[in-house]
Amino acid sequence: MENVRKKIIFKGMISTFGLIGILSLTLFSGCSRKPEVEKGTEKSSTIGAAVASYIAPGDMDEYYLFYSGGHSGNVFVAGIPSMRHIATIPVFSLYPSTGYGFDQETRKMLGEFTWGDVHHPSLSETNGNYDGRWLFVNDNANNRMARIDLRDFKTKQILGPIPNVSGYHGGAFVTPNTEYILAASRFSIPLPKGTYAPIEQYATDYKGVVAGIAVDPKTGEMSVGWQILMPPFDYDLGDAGKGPSYGWAFWTSYNSERATGKLEVTSTQKDRDYIAAVNWKAAEQAIQNGKFKMIGGVKVIDPKEVPDIVYLIPCSKSPHGVDVSPDGKYIIGSGKLQSITTAFNMEKILTAIQNKDFTGNEDGIPVLNYDAVKEAEVNVGLGPLHTQFDDKGYAYTSLYVESAIAKWKLGTWEVVDKIPVSYNIGHLAAAEGDTINPKGKYLVALNKLSHGRHISVGPSQPESSQLIDISGEKMKLLYDAFTEPEPHYAQIIKADKLKPIEVYKKEDNKHPEAIWDVKDAKVERNENHVTVKMIAVRSSFEPWKIEVNEGDHVTIHLTNIEQTTDMLHGFGLNEYNINVVVDPGETKTIEFVANKPGVHPFYCTNFCSALHQEMQGYLLVKPKQSASTGMIR
Amino acid sequence: MSNLQDFISRQESAIQPLEGKFDMEKWLEKANAFFDLPLRLQSRLIILIAAVLLIPTFIFPLWNMTLYANQFPDGLNLYIYSYTLDGGHPEGRNDLQEINTLNHYIGMRPLLESDFSEFGWIPLMIGIFFILTLRTIVLGKMSNLVDTTVLFMYFSLFSFWSFYNRLYQYGHNLDPKAPVKVPPFMPPIIGSKQLANFTVYSYPGPASYFLVGFLLLLLVSILLSGRHLKKL
């Protein structure tokens, strides 16, 4: 039935769009500036694209797209192929829409920071495939790592600021069984944090760090894990090995010049920089064997003292992305200032290490012979950054300077297709395109500039994301979507791998102060501490009246006792800068000092029902007695 | 058997002279004979099957109501079991709680398990019928079978009336202070009805079919053993 219906809709759409196409051809054939044939071709491909990305109202997308939200501190969730933005998951920033950062639990998680810079979302993996359990995201600004539980799409843990790691850009990328999440310093500094050293001593006294954040396989709980002391380069992006490269982690680094100042010049003098290859299995072992020193409270390995853990692979100038092919055989590194992408062969890397085929060292870390480990140089185009993969043995490399994507074949190393994008592509994400089983079919280009592609919104412009069909020989542009700043990387997972809950069941609510019956709702006083156990249910708060004295410390445990989907209630307190939103079956705790006397209404901020507007109450704050006169001030 | 043949022959002789006229005496005697009929093996086996049919009535709902509205395209489900009330639970949702929350707007009392005395006596009665049917099998007399059947018919009708009355009370005793005033209404028992933005469907659940099956099997076993009387 469903199929028949879809077919009818499909046919209806084709005929409708076909008609529009014919009409527009007829109407504009006289005044078109472009040749008629070209117009016709453009139109028919548009019809195809429209059908391919169209999700009829009520129908569901096939994939989830998890975008990093950059300096918004959030993660955006969209559907593919519709590219519709569906939800925003707050991670490092206050987000009144869901009350994130206003209740005690999330306030504690955010700590002293009110923003973060989310760069690289990484879905948890089992045996090299996405398992749909967690999404990890890094904070480039404050050196933190967060875990989002995909059962309820909520941020559950923020680890950090992580000691020694400075400018956490080289993560989150997970190892094939989510043993570790990669982390690295983009900005080398004197260690431990808080140490002072003049900038003139950068080359010697400043240190980089590459690290693995440990993940509990059952709970997802993250801990600091291992760290490795590195020369003061800028460690940029990473990827974990798999298959024959399993047990290894790779990071690109720029500024192997160890330069300071105007880096655009000073760090771009050498023809080659490095990919750092870390044997994390050996690092794990070294830590177990006590071969570490404590820096900033963390077990840190110094490769000068512990050999056979880190090697440097020369890579073309100022590399950005490093990506491991689905079979784990090739390590693809792209130097953003050259027009080639280099594929390194893992087998050759291991042989070179065994034969000690080194061309030098950096602070005691051996540099491998480029010619011995290189498999191929692929002439992809200008400004290659990142590479993703499909299910047919092709690789897709984003070309920032050229504003294009190059499609090339692993093994033959031939570029077979190229598609322009609008404009200046950074990362790209193919469907499960960094796992051992890429799905092919779709690719999203995450472009930095969008000007002229949308109705104007003034100087502050959105980013553009373009959906590209990669199922055929030729890549086809399907859809332009726009997002708030700023998606860096994104990951795409088959929708049926996720089984989110939509209601917190009463029996699963473990909050010690949760109540489920209005009879238990109450206001209790213990000296100047006032504790309220409150219920929110359509369309009232119970209790609806809270009487306190000025200066009282007020704690409200608010339980939304609804057990139906989408029945959220908010709690906004006028002029107290508080708004929480409580999901069905959830309990949140709000704490504040009642330092503003007078009568303060509170109300449900998240529209709930026909009598939503009536869902309100009062916080009555009695002014302090004046000490001298005993009169009310 | 010889006893019976003797009895039947006396019957036949009594019939002869009064042919064509109704004889109360004769009818009563015939009825007595009917009630004294022994239950044949076939009948007893069918009664045993009927008894087994009572067991699933403790597993499946007796009645099912589904409420559809725009915002509930999959419908809110209410299941009435012989011993409890329950709602559907899709994706962790609790439909019973949702129905009560929605009903509070029109001032309907919440459907609470503790308010239904039926959940006490209906399972008790079904248990009693289980024992009565086993007793019928053991004693093997038509009179026991007829007793059980008639009692069960009364029990079914009474339960149905009780259910009807419950729904009537819920739909008519609405809180006059309710935020949304609706005229008193009778919820559907079998079939569908539009109530505000909801289309409510109400149908017997599997347990009711098992109870109907139970009754039909008892009737069949009466016929099977009762046929014996005519033959003689």
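Q: Hey, could you run me through the overall build of chain A in this one?
A: Within chain A one finds 8 helices and 41 strands. Viewed in the frame of its principal axes, chain A has a C-alpha envelope of about 85 × 75 × 45 Å. Sorting the 633 residues of chain A into buried and exposed places 56% on the buried side. Pairs at least 24 apart in sequence give 59% of the contacts found in chain A among residues at least 6 apart.

Q: How should the layout of surface pockets be read in this particular structure?
A: Space left empty within the atom packing is revealed by a probe, the size of a water molecule, rolled over the atoms. For the second largest pocket, the calculated volume is near 850 Å³. Taken together, 26 residues make up the lining of the second largest pocket; nearest its centre are Ile-561 of chain A together with Gln-97, Asn-100, Pro-110 and Leu-112 of chain B. Looking at the lining of the second largest pocket, the elements with two or more residues in it are β34 (540–542) of chain A together with β3 (85–87) and α4 (95–103) of chain B. Considering each element in turn, the lining of the second largest pocket owes the most residues, 4 residues, to α4 of chain B. The residue inventory of the lining of the second largest pocket, partitioned by class, reads 10 nonpolar, 9 polar and 7 charged.

Q: Help me out: how do you make sense of the interface of chain B and chain A in this one?
A: Interface size is commonly expressed as the accessible area that is lost once the parts come together. Residue-level contacts link 12 residues of chain B with 13 residues of chain A. Between chain B and chain A lies a buried interface of about 990 Å² when both sides are counted; carbon and sulfur atoms form 49% of it. Put simply, chain B and chain A have 1 salt bridge between them. With a closest N to O distance of 2.5 Å, Glu-98 of chain B and Arg-538 of chain A form a salt bridge. In this structure, the connection of chain B to chain A is made through 5 residue pairs in polar contact (both at pLDDT 80 or more). With 4 residues, α4 of chain B is the single largest residue contributor to the side of chain B that touches chain A. Here the residues of the side of chain B that touches chain A sort into 4 nonpolar, 5 polar and 3 charged.

Q: Is there a simple way to think about the environment of Leu-37 of chain B in this case?
A: All names here are of chain B. Tracing the backbone shows Leu-37 in the loop between α2 (24–36) and α3 (41–54). Judged by its relative accessible area of 2%, Leu-37 is buried. Sequence-wise, Leu-37 and Met-142 are 105 residues apart; in three dimensions their C-alpha atoms are separated by 5.4 Å. Excluding residues within four positions of it along the chain, Leu-37 makes contact with Gly-140, Lys-141, Met-142, Ser-225, Gly-226 and Leu-229.

Q: Help me understand the side chain of Thr-136 of chain B, please; the structure alone is not making it clear to me.
A: Residues and elements named next belong to chain B. Looking at where Thr-136 falls in the secondary structure, it is placed in helix α5 (residues 118–139). A distance of 3.3 Å separates the side chain of Thr-136 from the side chain of Thr-148, its partner in a polar contact. Every residue in contact with Thr-136, bar those within four places of it in the chain, is listed here: Leu-39, Ile-47, Lys-141, Asn-144, Leu-145 and Thr-148.

Q: Is there a simple way to explain the sheet that holds strand β25 (residues 404–409) of chain A in this structure?
A: Pairing between the strands of a sheet comes from backbone hydrogen bonds, and it takes one of two forms, parallel or antiparallel. All names here are of chain A. Pairing in this open sheet of 4 strands is antiparallel, and the strands run β23-β24-β25-β26 from one edge to the other. The open sheet has two free edges, formed respectively by β23 (384–389) and β26 (415–420), since each of these has just one partner strand. Between one strand and the next, the sheet's axes are offset by a mean angle of 20 degrees, whatever the strand orientation. Across 5 bridges, the pairing between β25 and β26 is antiparallel. Pairing of Ala-404 across the sheet is with Pro-420, part of β26.

Q: So what exactly am I meant to see when it comes to the nonpolar core here?
A: For soluble globular proteins, nonpolar side chains are generally found buried alongside one another. Residues and elements named next belong to chain A. Judged by nonpolar contacts, the single largest core of 29 residues is most densely connected at Trp-226, Ile-228, Met-230 and Ile-309. By residue number, the principal contributor to this core is helix α6 (residues 280–288), which donates 4 residues. For Ile-228, the residues in contact, after removing those within four places along its chain, are Gly-208, Val-209, Val-210, Val-278, Ala-283, Val-300, Ile-301, Pro-303, Ile-309 and Val-310. Phe-102, Ala-536, Val-548 and Met-567 belong to the second largest nonpolar core, which has 27 residues in total.

Q: What is the right way to read the sheet that holds strand β4 (residues 122–126) of chain A from this model?
A: Residues and elements named next belong to chain A. The strand order β4-β5-β6-β7 describes an open sheet built from 4 strands, whose pairing is antiparallel. Each having just a single partner strand, β4 and β7 (154–159) make up the two edges of the open sheet. Across the sheet, the axes of successive neighbouring strands diverge by a mean angle of 30 degrees, strand direction being ignored.

Q: Looking at this structure, I do not really get the packing of α5 of chain B against helix α6 (residues 142–172) of chain B. What am I missing?
A: A pair of packed helices is captured by two measures, namely the crossing angle of their axes and the spacing between those axes. All names here are of chain B. As a packed pair, α5 and α6 sit with axes 10 Å apart at the nearest point and diverge in direction by 165 degrees. By the criterion of interaxial angle, the relationship of α5 to α6 is roughly antiparallel. In the crossing of α5 with α6, the sense of the turn from one axis to the other is left-handed. Every residue of α6 that contacts α5 at Glu-118, Trp-121, Ile-122, Met-125, Ile-126, Phe-129, Leu-132, Thr-133, Arg-135, Thr-136 and Leu-139 is listed here: Asn-144, Leu-145, Thr-148, Leu-151, Phe-152, Phe-155, Phe-158, Ser-159, Ser-162 and Arg-166.

Q: I'm lost on the packing of aromatic side chains in this one. Help?
A: Aromatic rings in a pair are described by how distant their centres are and how their planes are angled relative to each other. Evaluated as defined, the whole model comprises 39 aromatic pairs over all chains. Between Phe-34 of chain B and Phe-35 of chain B, the aromatic rings sit 5.5 Å apart at their centres with planes inclined by 65 degrees, giving edge-to-face as the arrangement. Take Phe-35 of chain B: its relative accessible area is 32%, and that puts it in the partly exposed class. Here a set of aromatic residues connected by ring pairs shows up, and it is made of Trp-121, Phe-129, Phe-152, Tyr-154, Phe-155, Phe-158, Trp-161 and Phe-214 of chain B. The ring of Trp-544 of chain A carries Lys-545 of chain A above its face, with NZ or CZ at 5.9 Å from the centroid. Against the face of Tyr-576 of chain A rests Lys-596 of chain A, its NZ or CZ located 5.5 Å from the ring centre.

Q: How do you make sense of the environment of Phe-22 of chain B when you look at a structure like this?
A: Here Phe-22 of chain B lies in the loop between α1 (2–15) and α2. With 20 residues separating them in the primary sequence, Phe-22 of chain B and Gln-42 of chain B have C-alpha atoms 33 Å apart.

Criteria and thresholds
- Residues numbered from 1 in each chain as written.
- Chains lettered and ligands numbered in written order.
- Predicted model: local features only at pLDDT ≥ 70, side-chain atom pairs only at ≥ 80, totals over all residues.
- Heavy atoms only, no water.
- Helix = DSSP H or I, 4+ residues; strand = E, 2+ residues; numbered from the N terminus.
- Buried < 20%, exposed > 50% of the residue type's maximum accessible area, 1.4 Å probe, protein only.
- Contact = heavy atoms within 4.5 Å.
- 1 Å grid on protein atoms, 1.4 Å probe; cavity = no way out; pocket = protein on both sides within 12 Å on 5 of 7 lines; lining within 4 Å.
- Points joined across faces, edges and corners; volume = space filled by probe spheres on them.
- Nonpolar A, V, L, I, M, F, W, Y, C, P; charged D, E, K, R; others polar.
- Buried area = accessible area lost by both parts, 1.4 Å probe.
- Salt bridge = Lys/Arg side-chain N within 4 Å of Asp/Glu carboxyl O.
- Polar contact = N/O pair within 3.5 Å; in protein donor to acceptor, adjacent residues only side chain to side chain.
- Pairing = 2+ DSSP bridges.
- Axes fitted to C-alpha atoms, helices over the stretch in contact; angles between N-to-C directions.
- Core = buried A, V, L, I, M, F, W, Y, C linked by side-chain atoms within 4.5 Å.
- Parallel < 35°, antiparallel > 145°, perpendicular 65-115°, else oblique.
- Left-handed = near helix turned anticlockwise from the far one by under 90°.
- Phe/Tyr/Trp six-rings, centres within 6.5 Å; stacked < 30°, edge-to-face > 60°.
- Lys NZ or Arg CZ within 6 Å of the ring centre and 35° of its normal.

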